[in-house]
Amino acid sequence: MPALATHAIDFRTASYAGENTTAGPSGNADGGPQTADRTREGHFDVFEMGEVTGNQHGSADAIAAGDCAAIASAWSGGGYWRADAGADLTPPTGGVYGAEYVIDVARGTMFGVDALAIDGFRSAILHTAPGAAAPDLDSASAQANGRYAAQVAVDGALRTLEYADPVDAVSALFMATTLEGSYARSPALGARTDWIVTAPTKRWYVDPARVGDLAKAPFETSFVHSYTSGQMTSGGVVTERWASSYPYACTTVGAVGHARDGSAVPLAAVNSGGGADAAGRAANPALTPCLETSVLTFETSAGAGDIELPVSATGSCLTNATDPGAHVSRNFSGIELLPEAGSVSIDLAHDMTGAAVPSRALAAAANGDVLAGLPVLAFATTTWVNGNAAGVLANYGASAAVRSRVACTNAGGPCR
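Every value quoted in this text rests on a predicted model; they were computed, and no experiment measured them.

**Some remarks on the sheet that holds strand β26 (residues 413-414)**
Right, so step 1: Taken in spatial order, the three strands of this open sheet run β20-β25-β26, and their pairing is antiparallel. The open sheet is flanked by β20 (370-372) and β26, the only strands paired with a single partner.
Right, so step 2: Note that β20 and strand β25 (residues 407-410) share three bridges and pair antiparallel. When the bridges of β25 are listed, L371 appears paired with C408.

Have a look at this one:
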């Protein structure tokens, strides 16, 4: 495929354009930033809209020759794809794959990650003009019975689950009850780790333009609400609160770290259980996924007022601490207690007391199966930045999978 530099298309802002007012967002606005800067971090989806197999209009010849101008002109005024979007195309057959690489020139690091593909997503041509909203993850092809099927691995066995909503079928593929992975946070080695946690279908459940003010399960909070994760109290008086004036759709999670010897470190801020906040524990702000692409951090630095702020291994602006309205702050998060290397397990289906959160489950499939947790996928990236070490540049980067497990129930018991 030729480079896109000469025919590049700017990222669009239409999906969150509108007006943020005190009465609430209008249009597609969601209370968040509205400039194109918002597109600098996140994730992207690639769709196979069809395969160019015909040459009646010269499409196959143009692609073989790398003639991007000819392909672009097909969508211009009078172009043949404007008249017939399916010209020279046959339905998609799958097989799309890819990888991405993130390079930090200033720090001299790079990491890469494989793309995740959905097999059998669509069986018919859906060819749209550049910049169109479709196709998207709600564009899957239905079966003959009108339902959308997903094959999900549960306890080592594949289960075929059918849904009335195509987005639920896609979400089923990504459902995770727990996330488990490793980290490194050694100042002596210049080591830092970020977990990049992506919820590809989250907008269908939390975007006010799609669902209104109330989120749909498996998410709990719509994106129109500002975020307060928790607070610390002493004798019923709030002494510290971590919050954001920016709207987020956050999920309070439980997390436990493990050192290399297996010893456990609960990762949650603890309060006195006073009247202002009866809960004995609250979420860990650094490990709270709030966006469709969230960056969870394992390192902190001292901020103003002796608070601890997340430090990103990748220099991300998607950590909670970079909210321009109000920094997330806390005096103690538990992250500081983690050893220099180990593993972390995040529970996406239970609260800090271990009680199941009923709303954190996908709508039941046609056979009654219910998947618990959230539709997310994740990977870890670690950088080691030591600069000049004995005359040798000693900066490195690597990535690794964050593994997930999903729990399935049916009629009150485990899926069989």
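**Some thoughts on the sheet that holds strand β24 (residues 403-405)**
Right, so step 1: The strand order across the open sheet built from five strands is β15-β14-β19-β10-β24, with neighbouring strands paired in antiparallel fashion. The open sheet has two edge strands, β15 (264-266) and β24, and neither has a second partner. Taking the axes of each pair of neighbouring strands and ignoring which way they run, one obtains an average angle of 25° across the sheet.
Right, so step 2: Two elements, strand β14 (residues 254-259) and strand β19 (residues 341-347), share six bridges in a ladder whose sense is antiparallel. Bridging across to β19, G254 finds its partner in D347.

**Some thoughts on the state of the cysteines**
Right, so step 1: All told, the structure shown has two disulfides when counted by the stated rule.
Right, so step 2: Paired through a disulfide, C250 and C290 show a sulfur-sulfur distance of 2.0 Å. Taking the torsion about the S-S bond as the criterion, the C250 to C290 disulfide, at about 110°, is right-handed. Residue C250 is found in the loop between β13 (237-247) and β14, and its partner C290 is found in the loop between β15 and β16 (293-297); the two are separated by 40 residues along the sequence.
Right, so step 3: A sulfur-sulfur separation of 1.9 Å characterises the disulfide bridge that pairs C408 with C415. Torsion about the S-S bond of the C408 and C415 cystine: about -70°, corresponding to left-handed handedness. The pair formed by C408 and C415 is uniform in burial state, with each residue classed as buried.

**Describing the packing of aromatic side chains**
Right, so step 1: Scanning the entire structure with this criterion turns up seven aromatic pairs.
Right, so step 2: Ring centres of F47 and F121 lie 5.8 Å apart, and the angle between their planes is 45°; on these two criteria the pair is classed as tilted. Here F47, found in the loop between β2 (24-27) and β3 (51-52), pairs with F121, found in the loop between β6 (109-114) and β7 (148-154); they are 74 residues apart in sequence, far enough to count as distant.
Right, so step 3: Cluster of aromatic residues (ring-pair linked, three or more members): W75, Y80 and W81.
Right, so step 4: Between the NZ or CZ atom of R38 and the centre of the ring of Y16, over which it lies, the distance is 4.3 Å.
Right, so step 5: A cation sits over an aromatic face here: R210 above W204, 4.7 Å from the ring centre.

**Focus on the pairing of strand β23 (residues 392-401)**
Right, so step 1: As paired strands, strand β22 (residues 377-389) and β23 are joined by nine bridges and run antiparallel to one another. The partner of T383 across the bridge, within β23, is G397.
Right, so step 2: Between β22 and β23, which pair antiparallel in sequence order, lie two residues; one of them, A390, sits at a positive phi of approximately 55°.

**So, the nonpolar core**
Right, so step 1: Counting 60 residues, the largest nonpolar core has L179, W195, L287, I346 and L371 as the members making the most contacts within it.
Right, so step 2: Ignoring any residue separated from it by four or fewer positions in sequence, one finds L179 in contact with W195, V197, V344, S345, I346, L348, V376, A378, V402, R403 and S404.
Right, so step 3: The next biggest cluster of nonpolar side chains, apart from the first, holds six residues, and it includes A74, W75, Y80 and A87.

**Brief notes about the side chain of E292**
Right, so step 1: In this fold, E292 is placed in the loop between β15 and β16.
Right, so step 2: With a relative accessible area of 19%, E292 lands in the buried category.
Right, so step 3: Side-chain polar atoms of E292 contact the side chain of R203, separated by 2.7 Å.
Right, so step 4: Ignoring anything within four residues of it in the chain, the contact list for E292 reads H43, V197, T198, A199, P200, T201, K202 and R203.

**Some thoughts on unusual backbone geometry**
Right, so step 1: Cis peptide bonds are those with omega within 30 degrees of zero, and the linkage from A134 to P135 qualifies with 0°.
Right, so step 2: Its place among the elements puts P135 in the loop between β6 and β7.
Right, so step 3: The amide bond that connects A217 to the next residue, P218, takes the cis arrangement and shows omega of 20°.
Right, so step 4: Along the chain, the position of P218 falls in the loop between α6 (208-211) and β12 (226-234).
Right, so step 5: Phi is positive for D88, which is not a glycine, with a value near 65°.
Right, so step 6: Note that D88 resides in the loop between α3 (80-83) and β4 (89-90).
Right, so step 7: With a phi close to 50°, D155 is a non-glycine residue in the positive phi region.
Right, so step 8: Positionally, D155 belongs in the loop between β7 and β8 (157-163).
Right, so step 9: Residue class for D155 comes out exposed when judged on its relative accessible area of 75%.

Each value, and the rule that gives it
- Going along each chain's sequence as written, the residues are numbered from 1 onward.
- For a predicted model such as this one, the threshold for reporting local features is a pLDDT of at least 70, and the threshold for listing and counting side-chain atom pairs is 80 or more; totals across whole chains, interfaces and linings nevertheless cover every residue.
- Calculation of side-chain values draws on the structure's entire complement of heavy atoms; hydrogens and water are dropped beforehand.
- Any two strands are treated as partners once DSSP identifies two or more bridges connecting them.
- Here a strand is any run of E in DSSP of at least two residues, a helix any run of H or I of at least four, and the numbering for each starts at the N terminus.
- Angles shown run from 0 to 180 degrees and are taken between the N-to-C directions of axes, each axis being a line fitted to C-alpha atoms and, for helices, limited to the stretch in contact.
- What counts as a disulfide here is a pair of cysteine sulfur atoms lying within 2.5 Å.
- In this scheme, a residue with accessible area under 20% of its type's maximum is buried, one over 50% is exposed, and one in between is partly exposed, where area comes from a 1.4 Å probe on protein chains only.
- Aromatic contacts are taken between Phe, Tyr and Trp rings whose centres are within 6.5 Å, Trp giving its six-membered ring; a plane angle under 30 degrees counts as stacked, one over 60 as edge-to-face, and the others as tilted.
- For a lysine, the NZ atom is tested; for an arginine, the CZ atom; a charge sits over a ring if that atom is within 6 Å of the ring centre and within 35 degrees of the ring normal.
- The criterion is simple. A nonpolar core is a set of buried Ala, Val, Leu, Ile, Met, Phe, Trp, Tyr and Cys residues joined through side-chain atoms within 4.5 Å.
- Contacts between residues were defined by any pair of non-hydrogen atoms, one from each residue, lying within 4.5 Å.
- Here a polar contact means two N or O atoms within 3.5 Å. Within protein one must be a hydrogen donor candidate and the other an acceptor candidate, and residues neighboring in sequence count only if both atoms are side-chain atoms.

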